[in-house]
Amino acid sequence: MQPPFRIAGALATLERLGIIKKELNEWLVSTSSLHLKSLSPVYRSWRNQLKIMSSTRLDMLRESDSYSFANVFSADRLTVEKLRVSFLHFLKEADTNIKSAPDQNVYQMSFDLFPWTERKE
């Protein structure tokens, strides 16, 4: 159990970031979806830490409470671009569903699409 001052500090940070707000004596969620832009200076650190935490969390769940998929494949750039467009279309549809869903639990969805044979110069 966390000491009260740590909990109060975490709540203050979440409130300052606009994620929660206090009305009367109740904490309310201000946003149901968080997305850190890839241009943020902390994006890479956040992404790497999130992957580590995700793997740890998946190990703590029953198989029936999660779904994971990984696939390494060979294709050309045109096919990869089609996959990217399809995923962006899926994200728009998912966003519509997420915005209309009641806030009952917190979930994570991840998608990585990258080449294994190239690296940044």
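Scroll up for the structure.
## Focus on the overall build of the chain
So, point 1. A tally of helices and strands in the chain yields three helices and two strands.
So, point 2. Along the chain direction, N to C, the helices and strands of the chain fall in the order α-β-β-α-α.
So, point 3. Scaling as 2.2 N^0.38, a compact globule of 121 residues should have a C-alpha radius of gyration of about 14 Å, whereas the chain reaches 18 Å, well beyond that.
So, point 4. The principal-axis extent of the C-alpha atoms belonging to the chain is close to 55 × 35 × 30 Å.
So, point 5. Within the chain, residue pairs in contact and separated by at least 24 positions form 30% of the contacts whose partners lie at least 6 positions apart.
So, point 6. Accessible surface, the chain: about 11,800 Å² in total, of which carbon and sulfur atoms supply 57%.
So, point 7. With 17 positive and 14 negative side-chain charges, the chain shows a spacing of 6 Å between the two charge centroids.

## Overview of the pairing of strand 1 (residues 20–23)
As a general feature of sheets, a regular strand has side chains that alternate between the two faces.
So, point 1. Taken together, the four bridges between strand 1 and strand 2 (residues 26–29) define a ladder with antiparallel strand orientation. Within the sheet, the bridge partner assigned to Lys21 lies in strand 2 and is Leu28.

## Things to note about the pattern of salt bridges
So, point 1. All told, the structure shown has six salt bridges when counted by the stated rule.
So, point 2. Residue Asp65 pairs with Arg62 through a salt bridge whose shortest N-O separation is 2.9 Å.
So, point 3. By relative accessible area, which is 43% here, Asp65 ends up partly exposed.
So, point 4. Look at Arg62 and you get exposed, because its relative accessible area is 57%.

## Some details on the side chain of Ser54
So, point 1. Tracing the chain through its elements places Ser54 in helix 2 (residues 43–60).
So, point 2. Take Ser54: its relative accessible area is 16%, and that puts it in the buried class.
So, point 3. Of the polar contacts made by the side chain of Ser54, one reaches the side chain of Gln108; its length is 2.7 Å.

## Side note on the packing of aromatic side chains
So, point 1. In total, this model carries four aromatic pairs according to the counting rule given.
So, point 2. Ring geometry for Tyr43 versus Trp46: centroids 6.0 Å apart, planes at 40 degrees, classification tilted. A residue pair is termed a helical-turn pair when its members lie 3 or 4 positions apart in one helix, as Tyr43 and Trp46 do in helix 2 at three residues.
So, point 3. Its relative accessible area of 38% is what places Trp46 among the partly exposed residues.
So, point 4. Judged by centre distance (3.8 Å) and plane angle (15 degrees), the ring pair of Phe87 and Phe111 falls under stacked. In this pair, Phe87 is assigned in helix 3 (residues 77–100) and Phe111 in the segment after helix 3, connecting sequence segments 24 residues apart.
So, point 5. Exposure remark for Phe87: the relative accessible area of 18% places this residue in the buried category.
So, point 6. By way of ring pairs, the aromatic residues Phe87, Phe90 and Phe111 are connected into one cluster.

## Some thoughts on the environment of Phe111
So, point 1. Residue Phe111 is classed as partly exposed on the basis of its relative accessible area, which comes to 41%.
So, point 2. Separated by 16 residues in the primary sequence, Phe111 and Asp95 place their C-alpha atoms 15 Å from one another.

About the criteria used
Residues numbered from 1 in each chain as written. Predicted model: local features only at pLDDT ≥ 70, side-chain atom pairs only at ≥ 80, totals over all residues. Heavy atoms only, no water. Helix = DSSP H or I, 4+ residues; strand = E, 2+ residues; numbered from the N terminus. Rg over C-alpha atoms; globule rule 2.2 N^0.38 Å. Contact = heavy atoms within 4.5 Å. Areas by Shrake-Rupley, 256 points an atom, 1.4 Å probe, with all protein chains shown as cover. Lys, Arg positive; Asp, Glu negative; His and termini not counted. Charge placed at Lys NZ, Arg CZ, Asp CG, Glu CD. Pairing = 2+ DSSP bridges. Salt bridge = Lys/Arg side-chain N within 4 Å of Asp/Glu carboxyl O. Buried < 20%, exposed > 50% of the residue type's maximum accessible area, 1.4 Å probe, protein only. Polar contact = N/O pair within 3.5 Å; in protein donor to acceptor, adjacent residues only side chain to side chain. Phe/Tyr/Trp six-rings, centres within 6.5 Å; stacked < 30°, edge-to-face > 60°.

Distances and angles like these do not, on their own, reveal function.
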